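The chain contents come next:
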Amino acid sequence: MEPGGTKRGAGEVAAAEPRSKLPRPAPSLPTAAALYAGPFPFYRRPSQLGCFSLDAQRRYRGDARALRYYRPPANGQRPDFDLRDGYPERYRPRDEEAREGLDHLLRWLLEHRGGLEGGPGWLAGAIVTWRGHLTKLLTTPYERQEGWQLAASRFQGTLYLSEVETPAARAQRLSRPPLLRELMYMGYKFEQYMCADKPGGSPDPSGEVNTNVAFCSVLRSRLGSHPLLFSGEVDCTDPQAPSPEPPACYVELKTSKEMHSPAQWRSFYRHKLLKWWAQSFLLGVPSVVAGFRNPEGFVCSLKTFPTMQMFEHVRNDRDGWNPSVCMNFCAAFLSFAQNTVVQDDPRLVHLFSWEPGGPVTVSVHRDAPPVFLPTWYVEAMTQELPPPPHDTGP
Ligand code: GDP
Ligand code: MG
């Protein structure tokens, strides 16, 4: 399904003037949910290609050292987590001014491009991005508050997508109210209460909350005809998961306000559960464990939401969301981007912009921000692949 396709309007004016003189309408993509109903598109079960970690100083580490282990309170034990404990004195928030773009993922790709499955040429046909950017695409038909901008460059065939912070998002971030800052801390604090650093270990809430630290899974999937290579931050792995292989062993942790009325639950299902579903479904994370916090900032109850059952909460809700709409819109956007970014040039950026209520529009930029593919990456990719290690065995 390709709304806003190429046929629109072309027929009416073609006879009046030679084709080349026609003013080319600025391409755009509509986002109304009604346009994207229809059957669920093909989505390949995401398989993990590898992983990397970011350490306490936000340095890239090519291993799983930052992976944590799910360790909820023992059976029958009610949680009693003070999410405000340690704030602000044991909080080391990451520097949000640092523009990392795709850099960490590109480093992983550079180091593993020789051994990618899918055969030679697979990467040239793929789209490379963060999972979080795909999440924003999935929720676009239902989003009424926050717009986005995605920068796109084609290089050696591959289409790279990297988010650009909108001026509105930047202004909001810089004027973030103190209460919202504390709420962000509380989300990370919950992870600390629920995770151990070692498979048999126990959570240690006495330490710092350092949001520089991250474990990122790198996955391969495909949406419709679009091969995908993307990475997403994973909260923890469950040592007791029924299927131990990633991403089926991963668990996403979230906090939310305690709810007391059916109206509160309905609103939660319509808004929050959509974001939780999109994020976890893309990566193949089978469940989200929610901690519900009371007005004093304590988590006293937990609830597991299986990703594949989230839609049931809104299936019969006329104001609910629909996974098919999310995935069909994402597929349409990826086709739109693939057809718009024709030139192979890492210094050329097509910037896709969207504000709620409008269509996705495009502008073109060269040799200046928002150019995002770093020189070190472009130069290294332009070199020949290093030869495979020579077998010196007997
Ligand atoms: P998510 O789904 O929004 O959590 O994003 P991803 O899982 O795709 O994460 C991609 C990368 O962006 C990881 O290195 C994260 O640590 C980082 N990241 C995620 N959210 C934020 C954020 O709000 N601000 C900044 N600066 N980085 C973030
Ligand atoms: Mg989380």
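Quick notes on the rules
Residues numbered from 1 in each chain as written. Chains lettered and ligands numbered in written order. Predicted model: local features only at pLDDT ≥ 70, side-chain atom pairs only at ≥ 80, totals over all residues. Heavy atoms only, no water. UniProt positions renumbered as here; feature names shortened; annotations may be inferred. Helix = DSSP H or I, 4+ residues; strand = E, 2+ residues; numbered from the N terminus. Rg over C-alpha atoms; globule rule 2.2 N^0.38 Å. Buried < 20%, exposed > 50% of the residue type's maximum accessible area, 1.4 Å probe, protein only. Areas by Shrake-Rupley, 256 points an atom, 1.4 Å probe, with all protein chains shown as cover. Lys, Arg positive; Asp, Glu negative; His and termini not counted. Charge placed at Lys NZ, Arg CZ, Asp CG, Glu CD. Donors = N, O, S within 2.8 Å, 3.2 Å for Na, K, Ca; no water. Salt bridge = Lys/Arg side-chain N within 4 Å of Asp/Glu carboxyl O. Axes fitted to C-alpha atoms, helices over the stretch in contact; angles between N-to-C directions. Parallel < 35°, antiparallel > 145°, perpendicular 65-115°, else oblique. Left-handed = near helix turned anticlockwise from the far one by under 90°. Contact = heavy atoms within 4.5 Å. Nonpolar A, V, L, I, M, F, W, Y, C, P; charged D, E, K, R; others polar. Polar contact = N/O pair within 3.5 Å; in protein donor to acceptor, adjacent residues only side chain to side chain. Near = heavy atom within 4 Å.

Naming follows an unreviewed UniProt entry, where the chain appears as Decapping nuclease of Pipistrellus kuhlii. Turning to the chain, the UniProt record has this under Function (unreviewed entry): "Decapping enzyme for NAD-capped RNAs: specifically hydrolyzes the nicotinamide adenine dinucleotide (NAD) cap from a subset of RNAs by removing the entire NAD moiety from the 5'-end of an NAD-capped RNA." What the UniProt record of the chain gives under Subcellular location (unreviewed entry) is the line "Nucleus".

1. Side note on the overall build of the chain
Each helix and strand in the chain was counted, giving 8 helices and 19 strands. The C-alpha atoms of the chain give 22 Å as radius of gyration, which agrees with the globular expectation for 394 residues (21 Å, within 12%). Projected onto its principal axes, the C-alpha coordinates of the chain cover approximately 75 × 70 × 40 Å. Classification of the 394 residues of the chain by burial places 46% in the buried group. Within the structure as shown, the chain displays about 20500 Å² of accessible surface, and the carbon and sulfur contribution to it stands at 53%. With 45 positive and 42 negative side-chain charges, the chain shows a spacing of 4 Å between the two charge centroids.

2. Brief notes about the coordination of the magnesium ion (ligand 2)
Each protein donor to the magnesium ion (ligand 2) is listed here as Asp235 (OD), Glu252 (OE) and Leu253 (O); together their distances run 2.3 to 2.5 Å. Sequence positions of the donors to the magnesium ion (ligand 2) reduce to the motif D-x16-E-L. Note on accessibility: Glu252 and Leu253 belong to one class, buried.

3. Structural notes on the pattern of salt bridges
By the definition in use, this model includes 26 salt bridges. Note that Glu100 and Arg58 form a salt bridge whose closest N and O atoms lie 2.7 Å from each other. Placement of Glu100 in the loop between β6 (91-92) and α2 (103-112) and of Arg58 in the loop between β2 (47-54) and β3 (60-61) is noted, with a sequence separation of 42 residues between them. Overall, Glu100 belongs to the partly exposed group, its relative accessible area being 23%. What makes Arg58 buried here is its relative accessible area of 17%. Of the charged contacts, one joins Asp319 and Arg270 as a salt bridge, the two residues approaching to 4.0 Å between their closest N and O atoms. With Asp319 in the loop between β17 (298-306) and α7 (323-340) and Arg270 in helix α6 (residues 262-283), this pair connects stretches of sequence that are 49 residues apart.

4. Re unusual backbone geometry
Here the residue pair Pro246 and Pro247 is connected by a cis peptide bond, since its omega of 0 degrees sits within 30 degrees of zero. Here Pro247 shows up in the loop between β14 (236-237) and β15 (250-257). Of note, Arg58 is a non-glycine position whose phi angle comes to about 65 degrees, a positive value. Residues other than glycine seldom take positive phi values, yet Asp367 does so here, at roughly 60 degrees. Along the chain, Asp367 falls in the loop between β19 (360-366) and α8 (375-382).

5. Focus on the packing of helix α3 (residues 131-139) against α6
Between α3 and α6, whose axes approach to 9 Å, the crossing angle comes to 130 degrees. Between α3 and α6, the interaxial angle falls into the category oblique. Here α3 runs over α6; the crossing is right-handed. Here Arg131, Leu134, Thr135, Leu138 and Thr139 of α3 come into contact with α6, specifically with Leu274, Lys275, Trp277, Ala278, Gln279, Leu282 and Leu283. Tallied by class, residues from the contact of α3 with α6 come to 7 nonpolar, 3 polar and 2 charged.

6. Here's the deal with the side chain of Arg113
Mapped onto the elements of the fold, Arg113 is located in the loop between α2 and β7 (127-130). Of note is the side chain of Arg113, whose polar atom sits 3.4 Å from the backbone oxygen of Ala380.

7. Considering the site of ligand 1
Taken together, the residues surrounding ligand 1 are Leu54, Arg58, Arg94, Trp130, Arg131, Gly132, Ser231, Gly232, Glu233 and Gln279. Note that an oxygen atom of ligand 1 is positioned 3.2 Å from one of the side-chain N or O atoms of Arg58. Residue Arg94 places a side-chain N or O atom 3.4 Å away from a nitrogen atom belonging to ligand 1. For the shell around ligand 1, the secondary structure elements donating two or more residues are α3 and β13 (226-233). Ranked by residues supplied to the shell around ligand 1, first place goes to β13 with 3 residues. Residues of the shell around ligand 1, tallied by class, amount to 2 nonpolar, 4 polar and 4 charged.

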